[in-house]
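# Chain and residue survey
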Amino acid sequence: MAQTKVKTDGQSDMRGKVVEALSTSLNSHVEIIIKAPGRINLIGEHTDYNDGFVLPAAVAQSIYFAIGKSGYATRCSLISLDFNERFDFDLTDMSPLSAASWQNYVMGVAAELIKDNRELSGFNLVFSGDVPQGSGMSSSAALECGTCYGLNELFGLGLSRIEMAKLSQMAEHHYAGVQCGIMDQFASLMGKQDYALLLDCRSLEYKYFPVGLKEHRLLLLNSNVAHSLADSEYNIRRQQCQQGVKVLQTYFDNITALRDVSMAQLEVVKEKLPIAVAKRCKYVIEENERVQRLAQALSESDLHVVGEILKEAHQAMRYEYEITCPEIDFMADYANSQPNVLGARMMGGGFGGCLLVLLEKGAEHELTADLDKVYHEKFGKNITPIDIELSEGVELL
Ligand code: GLA
C-alpha cells in the first residue's frame with residue numbers, strides 16, 4: 001500500500017515554506033497568508049450544473065498562500081512550490097495556457113476580477129498544498145478560491161464569499177475550459193468545521209448539516225487513476241443534460257433545468273431522446289432525490305440507509321451517467337461486499353479519483369490493506385487512504 005497517506009501535520013510546514021519563498025525568491029513583503037481547503041461530497045454528483053442539490057463539506061487538506069503587492073502597476077509573479085515552477089505575467093496581457101496548467105487558475109481569477117471592474121495592481125503569490133490532484137477533492141477550486149480571497153483582502157475589493165465562489169467558478173470556465181457547477185467553490189469558501197453543506201445550486205440557499213457518524217467513519221480511498229477524460233467528458237455530460245432539457249421544454253411548461261423534471265415527465269419524452277441523453281436525465285433526476293433522501297437519513301442518524309444510498313449512487317454513475325472506470329468500479333464492488341462497510345461510491349467529477357466509504361470505526365485499516373492487495377494484483381498500482389476531517393472554509397491566517 002502506498003505510504004503517502006495525506007495528513008495535516010505538515011501544514012504548518014507548508015505555511016512556513018510559502019512565507020519564506022515569497023520573501024526570499026520573490027523578494028516580496030508578505031501581506032496576506034491564506035488557507036483554502038479541498039472538499040468532499042457526500043452525495044449529489046453532476047447535479048450542481050443542473051440547478052440541483054449537493055451535500056459537500058470542506059476538508060482539512062488545503063492549499064496555503066503567501067501574497068504581497070509586487071510594487072509594479074501590472075507585473076505579477078507566481079510560484080508553485082509543489083510543481084517547483086515560477087511564472088511571470090502581466091495583468092494587461094493574460095490568456096489561458098494549455099489545459100490543466102496551474103497558472104490558469106490564478107490568472108483566471110485575476111482576469112475575472114478585472115472583468116468585474118475590480119481594481120488590481122501587480123501582485124506576487126506563492127502556494128503549496130496537500131489536496132491530492134486529480135482525486136476529485138477539488139484542488140483546482142482551492143487554488144481559485146484561495147487566490148480570490150487573497151486578492152480580495154490585498155486590494156480591499158469588498159467581495160462576499162458567495163460572489164467569490166461565483167467568480168472562481170467563472171475562472172474555471174474561461175481559463176481551465178471546464179464548464180463546472182458551483183459546488184466546489186461554494187464548499188471551499190463556505191465550509192464549516194464538522195458540518196456538511198446542503199446547497200440548493202439554483203437559489204444558492206444553503207444550510208449547515210451536522211454529520212454525526214457515531215460508531216462509523218468516512219474514509220477516502222484514492223484509486224490513483226488520474227482522470228484524463230474528465231474535462232472533455234464533463235463538458236459532454238453537461239451538453240447532454242441541456243439537450244434533454246430542450247426536448248422536455250417542448251412538452252412541458254416551467255422547465256429551465258433538469259431540476260424541474262419529474263421521472264413521470266421523463267417517461268413521456270424518453271423515446272424522443274437519444275438513449276445516452278435519456279440515461280443522463282434519469283441519473284440527474286434520481287441523484288437529486290438521493291440528495292434529499294440521504295440528508296433525511298443523516299438527520300435521523302440512519303447510517304444504514306445512508307450506506308445503501310451511496311451504493312445506489314455508485315451504480316447510477318456507472319450505468320446511467322457512465323463516468324466511472326474499471327479501477328474505481330473494482331474498488332466499489334470490493335468495498336460494498338464487505339460486512340463492515342455500509343456503503344461506498346466514487347466521489348467527484350469521475351473517471352478515477354477517490355472512493356468515498358462509510359464504514360464501521362476501526363475497520364479502516366483492514367479494508368485498506370485487503371483492498372490494496374487485490375487492487376495491486378489486478379491493476380499493478382496501489383490505493384492511498386486519505387483521512388477526512390470536516391473543516392472551515394477559506395481562512396485568512
Ligand atoms: C466537479 C465540478 C463540480 C461538480 C462535480 C461533480 O468537481 O467542478 O462542479 O459538477 O465535478 O459533482
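Structure shown above.
Below is a short write-up of the structure. (Residues numbered from 1 in each chain as written. Predicted model: local features only at pLDDT ≥ 70, side-chain atom pairs only at ≥ 80, totals over all residues. Heavy atoms only, no water.)

### So, the pattern of salt bridges
As a reminder of what qualifies: A pair is scored as a salt bridge if a Lys or Arg side-chain nitrogen falls within 4 Å of a carboxyl oxygen belonging to Asp or Glu. Relative accessibility thresholds used throughout: buried, under 20% of the residue-type maximum; exposed, over 50%; partly exposed, between the two (1.4 Å probe, protein chains only). For the purposes of this entry, the term helix denotes a DSSP run of H or I that reaches at least four residues, the term strand denotes a run of E that reaches at least two, and both are numbered from the N terminus.
Across all of its chains, the model carries 24 salt bridges by this definition. One salt bridge in this structure joins Glu 267 and Lys 270, with 3.6 Å as the shortest N-O distance. A residue is classified by how much of its surface remains accessible, and Lys 270, at 34% relative accessible area, is partly exposed. Residues Lys 282 and Glu 320 are paired through a salt bridge, measuring 3.2 Å at the closest nitrogen-oxygen approach. In this pair, Lys 282 sits in helix 8 (residues 275–299) while Glu 320 sits in the loop between helix 9 (303–319) and helix 10 (326–336), placing the two residues 38 residues apart along the sequence. In this structure Glu 320 comes out as buried when scored by relative accessible area, which is 17%. Bridged by salt links that share partners, the residues Glu 287, Arg 290, Arg 293 and Glu 312 form one connected network.

### Description of the site of the ligand
Rules: In this text, near means that some heavy atom of the residue lies within 4 Å of the molecule or strand in question. Whenever two N or O atoms come within 3.5 Å, that pair is a polar contact, provided that in protein one can donate a hydrogen and the other can accept it, and provided that, for residues adjacent in sequence, both atoms are side-chain atoms. Using the Shrake-Rupley algorithm and a 1.4 Å probe, accessible areas are obtained, with residue cover drawn only from the displayed protein chains.
Near the ligand lie 13 residues; those nearest to it are Glu 45, His 46, Asp 48, Asp 184 and Tyr 234. Within the side chain of Asp 184, one N or O atom sits 2.6 Å away from an oxygen atom of the ligand. Protein contacts shield 92% of the accessible area of the ligand, which totals 310 Å² for the unbound molecule.

### A few points about the packing of aromatic side chains
What counts, and what does not: Within 6.5 Å between ring centres, the rings of Phe, Tyr and Trp (the latter by its six-membered ring) count as paired, and their orientation is classed by plane angle as stacked under 30 degrees, edge-to-face over 60, tilted in between. Geometrically, a lysine NZ or arginine CZ counts as sitting over a ring once it is within 6 Å of the ring centre and also within 35 degrees of the ring normal.
Evaluation of the coordinates by the stated rule reveals twelve aromatic pairs. Seen from their ring centres, Phe 87 and Phe 89 are 5.8 Å apart, and the 25° between their planes marks the pair as stacked. For the pair Phe 87 and Phe 89, one class covers both residues: buried. Ring geometry for Tyr 195 and Tyr 208: centres 6.4 Å apart, planes at 70°, overall edge-to-face. Pair noted here: Tyr 195 is in strand 7 (residues 195–200) and Tyr 208 is in strand 8 (residues 206–210), with a separation of 13 residues, a long-range link. Taking the relative accessible area as the measure of exposure, Tyr 208 reaches 28% and is therefore partly exposed. Among the aromatic residues, those joined into a ring-pair cluster are Phe 186, Tyr 195, Tyr 206 and Tyr 208. Sitting above the plane of the Tyr 208 ring, Lys 192 keeps its charged end 5.1 Å from the centroid. Above the plane of the ring of Phe 379 lies Lys 378, whose end atom (NZ or CZ) is 5.7 Å from the centre.

### Side note on the environment of Leu 81
Under the convention used in this document: Residues are treated as being in contact if the distance between any of their heavy atoms lies within 4.5 Å.
Position of Leu 81 relative to the elements: it lies in the loop between strand 4 (75–80) and strand 5 (85–90). Taking the C-alpha atoms as reference points, Leu 81 and Met 137, separated by 56 residues in sequence, lie 19 Å from one another. When neighbours within four sequence positions are excluded, Leu 81 is seen to be in contact with Lys 17, Val 18, Ala 21, Val 126, Phe 127 and Ser 128.

### Quick look at the nonpolar core
Across soluble globular proteins, nonpolar side chains show a tendency to be buried alongside one another. Using the following cut-off: The set of buried Ala, Val, Leu, Ile, Met, Phe, Trp, Tyr and Cys residues whose side-chain atoms join them within 4.5 Å is what this entry labels a nonpolar core.
Core analysis: the biggest nonpolar cluster contains 85 residues, and Ile 40 and Phe 123 have the highest contact counts within it. For this core, the leading source of residues is helix 2 (residues 102–115), giving eight residues. Beyond its immediate stretch of four places on either side in the chain, Ile 40 contacts Pro 56, Ala 57, Val 59, Leu 218, Leu 220, Met 347, Ile 388 and Leu 390. Within the second largest apolar cluster, 43 residues are counted, among which are Val 261, Val 277, Ala 344 and Leu 371.

### Some points on helix 1 (residues 11–24)
Note the threshold: Expected span, for any helix, means 1.5 Å times one less than how many residues it has.
Here helix 1 contains 14 residues, and its C-alpha end-to-end distance of 20 Å stays within 8% of the 20 Å for a straight helix at 1.5 Å per residue. On the buried face of helix 1, the contacting elements are strand 1 (32–41), strand 3 (56–69) and strand 6 (123–129).

### Examining the sheet that holds strand 6
Convention followed: Only strands that DSSP links by at least two bridges are regarded as paired with each other. In this analysis, axes come from line fits to C-alpha atoms, helices being fitted only over the stretch in contact, and the angle between any two N-to-C directions falls in the range 0 to 180 degrees.
As summarised here, the arrangement of the six strands in space is 5-4-6-3-1-13, forming an open sheet in which the pairing is mixed. Every interior strand has two partners, whereas the edge strands, strand 5 and strand 13 (395–396), have only one. Two strands pair when backbone bridges link them, and strand 1 and strand 3 are joined in this way by nine bridges, in the antiparallel orientation. Bridged to Ile 33 within strand 3 is Ala 66. Against the sheet, helix 1 contacts strand 1, strand 3 and strand 6, and its axis sits at roughly 20° relative to strand 3. Taken strand by strand, helix 2 contacts strand 4, strand 5 and strand 6, and its axis lies near 30° from that of strand 5.

### Thoughts on the side chain of Arg 39
When you line up the elements, Arg 39 lands in strand 1. In this structure the side chain of Arg 39 is engaged in a polar contact, spanning 2.7 Å, whose partner is the backbone oxygen of Gly 136. At a separation of 2.8 Å, a polar atom in the side chain of Arg 39 contacts the side chain of Asp 184. For Arg 39, the residues in contact, after removing those within four places along its chain, are Pro 56, Ala 57, Ala 58, Val 59, Gly 136, Met 137, Ser 138, Met 183, Asp 184, Ala 187, Met 347 and Gly 348.

### Examining the sheet that holds strand 8
Across the sheet, three strands lie side by side as 2-7-8; this open sheet has antiparallel pairing. Both edges of this open sheet fall to strand 2 (53–54) and strand 8, since each of them pairs with a single strand only. In the sheet, strand 7 pairs with strand 8 via five bridges, with the strands oriented antiparallel. Within strand 8, the residue paired with Leu 197 across the bridge is Tyr 208. Packing of helix 5 (residues 183–190) onto the sheet brings it into contact with strand 2, strand 7 and strand 8, and relative to strand 7 it is tilted by some 135°.

### Considering unusual backbone geometry
With a phi close to 50°, Lys 214 is a non-glycine residue in the positive phi region. Residue placement: Lys 214 occurs in the loop between strand 8 and strand 9 (216–222). The phi dihedral of Ser 301 is positive, around 55°, even though this residue is not glycine. Mapped onto the fold, Ser 301 is located in the loop between helix 8 and helix 9.

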